[in-house]
Amino acid sequence: SLAAEAKILRAYWHYLLVNIFAAQYDAATADAQGGIPYVTDMDLEKVNEKLTLAEVYRLLLEDCSEKTINNLPDKAVNILRPGKAMGYALRAKIHLQMKNYPEALKDVEKALAFNGNIENRLPVITESLYYYDKYHPSVIFYAEPTTAKAYIITQETAALFEQGDILMKYGRSALTEVTETRDNRIWSATAAATYKNGIEGDIYMWQGYSNAKWTSAGITSDQLYYIKAECLIRAGHYQDGLDEVNKVRRFRIDPDDYSDLTAANEQDAMAKLMRAKRIECLFTYNNFFDMKRWNSEEDYKQTITRMVNGKTYTLRPDSPMWVFPFPANAVNYNPTLTQNY
């Protein structure tokens, strides 16, 4: 079991790294594209050679083999160690990034069978307090930044919140002031004003205190419903896909404002999924990875613009800036780390 947990964790961190420092996976070009080193031993003096993107993904799937996942506990020991839900969830994420939607669907259904919990945010309507609890049953694997205490969103992101969204509707009113009995501040436009630094328009700050935790680098079962939804939409089951999204949205939107999402074609269904998932996965790596993947498709690519200090900045779908550079200290130590952009 411990060896299986180690392999899953090894695969998870390499999955994050390859999607940050390498290009979006494409089966037609992966053999020729640069990836990252895949570290499989504890030899600290060894220079691990950078592999191709295809080789990295092969090793990711090898570490997430059925044998390995079967050796994981049915229920994880704690939120920092993998169980079967994380094993299947990770393999679903890898297949999703490879655009192998049929296999991703199989894996995400297996993951949800072990953990299909959905966090209920509706009580905040009457209780006036919101806690993003890291021990909530929907947390499959917990990982957050060690230093971040505040998160900023721009007006473009704020506009993506649906009418009646719990975080926006109640976070900007009942939860903006800190008192003896209310120690969480969610969306505070006042506090965010000091962070604007030339950004045009209104912005909001999410302020995290001791009782409010965001698993930015982790996995929640709530997010898995969106993977299942996209796989179903890609297979032509548009409404079935949006029904999976609606399962989560029912616990995110004030019942006075809620209505089911519906669609009659793939593009409409994907547009609604993309908007809802952007907010569900706010402050997580999922949005960055998804946008890289969607930008490889003509139907779903997006150009992002921001106004800062009176100047407009544009990030195009084919920009090399979607690939982070290897840091200088790593490149200086490992000469095989040529940049991937």
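Residues numbered from 1 in each chain as written. Predicted model: local features only at pLDDT ≥ 70, side-chain atom pairs only at ≥ 80, totals over all residues. Heavy atoms only, no water.

Participant: What exactly am I supposed to notice about the environment of Met-98 here?
Facilitator: The topology assignment puts Met-98 in the loop between α4 (84-97) and α5 (101-114). Linking Met-98 and Ala-27, residues 71 residues apart in sequence, is a C-alpha distance of 7.4 Å. Contact partners of Met-98, with chain neighbours within four places excluded, come to Tyr-25, Tyr-57 and Leu-61. (Helix = DSSP H or I, 4+ residues; strand = E, 2+ residues; numbered from the N terminus. Contact = heavy atoms within 4.5 Å.)

Participant: Would you mind going over the confidence of the model for the protein chain with me for this structure?
Facilitator: Low pLDDT marks stretches whose predicted atomic positions should not be read closely. Of the residues in the protein chain, 84% have a pLDDT of 70 or more, and the chain-wide mean is 87. Low pLDDT (under 50) marks residues 172-186, which in the prediction has 45 contacts with non-local residues, meaning those over four places away or in another chain. With pLDDT under 50 throughout, residues 188-195 is counted as low confidence; its partners more than four residues away or in other chains account for 14 contacts. (pLDDT = per-residue confidence, 0-100.)

Participant: Is there a simple way to explain the pairing of strand β6 (residues 304-308) in this structure?
Facilitator: Each regular strand carries side chains that alternate between the two faces of the sheet. Across five bridges, the pairing between β6 and strand β7 (residues 311-315) is antiparallel. Residue pairing for β7: Ile-304 is matched across the bridge by Leu-315. Linkage of β6 to β7, two consecutive antiparallel strands, is achieved through a turn of two residues, within which Asn-309 is found at a positive phi near 55°. (Pairing = 2+ DSSP bridges.)

Participant: I'm lost on the nonpolar core in this one. Help?
Facilitator: Within soluble globular proteins, side chains that are nonpolar generally end up buried alongside one another. Counting residues in each nonpolar core, the largest one holds 66 residues, and the members touching the most others are Tyr-12, Tyr-15, Leu-60, Ile-219 and Leu-224. Discounting chain neighbours no more than four positions away, the residues touching Ile-219 are Tyr-12, Met-86, Ala-89, Lys-93, Ser-138, Val-139, Ile-140, Phe-141, Leu-224 and Tyr-285. Listed in part, the nine residues of the second largest apolar core include Leu-167, Met-168, Trp-214 and Ile-279. (Core = buried A, V, L, I, M, F, W, Y, C linked by side-chain atoms within 4.5 Å. Buried < 20%, exposed > 50% of the residue type's maximum accessible area, 1.4 Å probe, protein only.)

Participant: Would you mind showing me how to read the packing of helix α1 (residues 2-21) against helix α13 (residues 285-294) here?
Facilitator: Helix packing geometry: the angle between the two helix axes and the distance between the axes. Contact geometry for α1 and α13: axes closest at 10 Å, N-to-C directions at 50°. Classified by the interaxial angle, the pair formed by α1 and α13 is oblique. The chirality of how α1 crosses α13 is left-handed. Facing α1, whose interface residues are Tyr-12, Tyr-15, Leu-16, Asn-19 and Ile-20, α13 presents Tyr-285, Phe-288, Phe-289 and Lys-292. Looking at the contact of α1 with α13 residue by residue, the classes come out as seven nonpolar, one polar and one charged. (Axes fitted to C-alpha atoms, helices over the stretch in contact; angles between N-to-C directions. Parallel < 35°, antiparallel > 145°, perpendicular 65-115°, else oblique. Left-handed = near helix turned anticlockwise from the far one by under 90°. Nonpolar A, V, L, I, M, F, W, Y, C, P; charged D, E, K, R; others polar.)

Participant: Can you walk me through the pattern of salt bridges in this structure?
Facilitator: Pairing is possible between side chains of opposite charge, provided their charged atoms come close. Scanning all chains against the criterion turns up 24 salt bridges. When the shortest N-O distance is used, the salt bridge between Glu-297 and Arg-234 registers 2.7 Å. Of the two residues, Glu-297 sits in the loop between α13 and β6 while Arg-234 sits in helix α10 (residues 221-234), which places them 63 residues apart along the sequence. Exposure class is identical for Glu-297 and Arg-234. Each is buried. A salt bridge links Glu-298 to Lys-301, with the nearest nitrogen and oxygen atoms 3.3 Å apart. By relative accessible area, Glu-298 is classed as exposed at 62%. Here the salt bridges do not stand alone but share partners, grouping Glu-230, Arg-234, Lys-277, Asp-290, Arg-293 and Glu-297 into one network. (Salt bridge = Lys/Arg side-chain N within 4 Å of Asp/Glu carboxyl O.)

Participant: Looking at this model, I keep getting lost on unusual backbone geometry. Mind explaining?
Facilitator: Trans peptide bonds make up the majority, and among non-glycine residues the majority have a negative phi. Of note in this structure, Lys-99 is not a glycine but carries a positive phi near 65°. Given the relative accessible area of 25%, Lys-99 is considered partly exposed. In this structure, Phe-283 is a non-glycine residue whose phi angle is positive, near 65°. Among the secondary structure elements, Phe-283 is positioned in the loop between α12 (266-280) and α13.

Participant: How do you make sense of the packing of α1 against α4 when you look at a structure like this?
Facilitator: Contact geometry for α1 and α4: axes closest at 10 Å, N-to-C directions at 25°. Comparing their axes, α4 and α1 come out roughly parallel. Viewed along their axes, α1 and α4 form a crossing whose handedness is left-handed. For the pair α1 and α4, the contacting residues are Ile-8, Leu-9, Ala-11, Tyr-12, Tyr-15 and Asn-19 in the first and Met-86, Gly-87, Leu-90, Lys-93, Ile-94 and Gln-97 in the second. A per-class count over the contact of α1 with α4 returns eight nonpolar, three polar and one charged.

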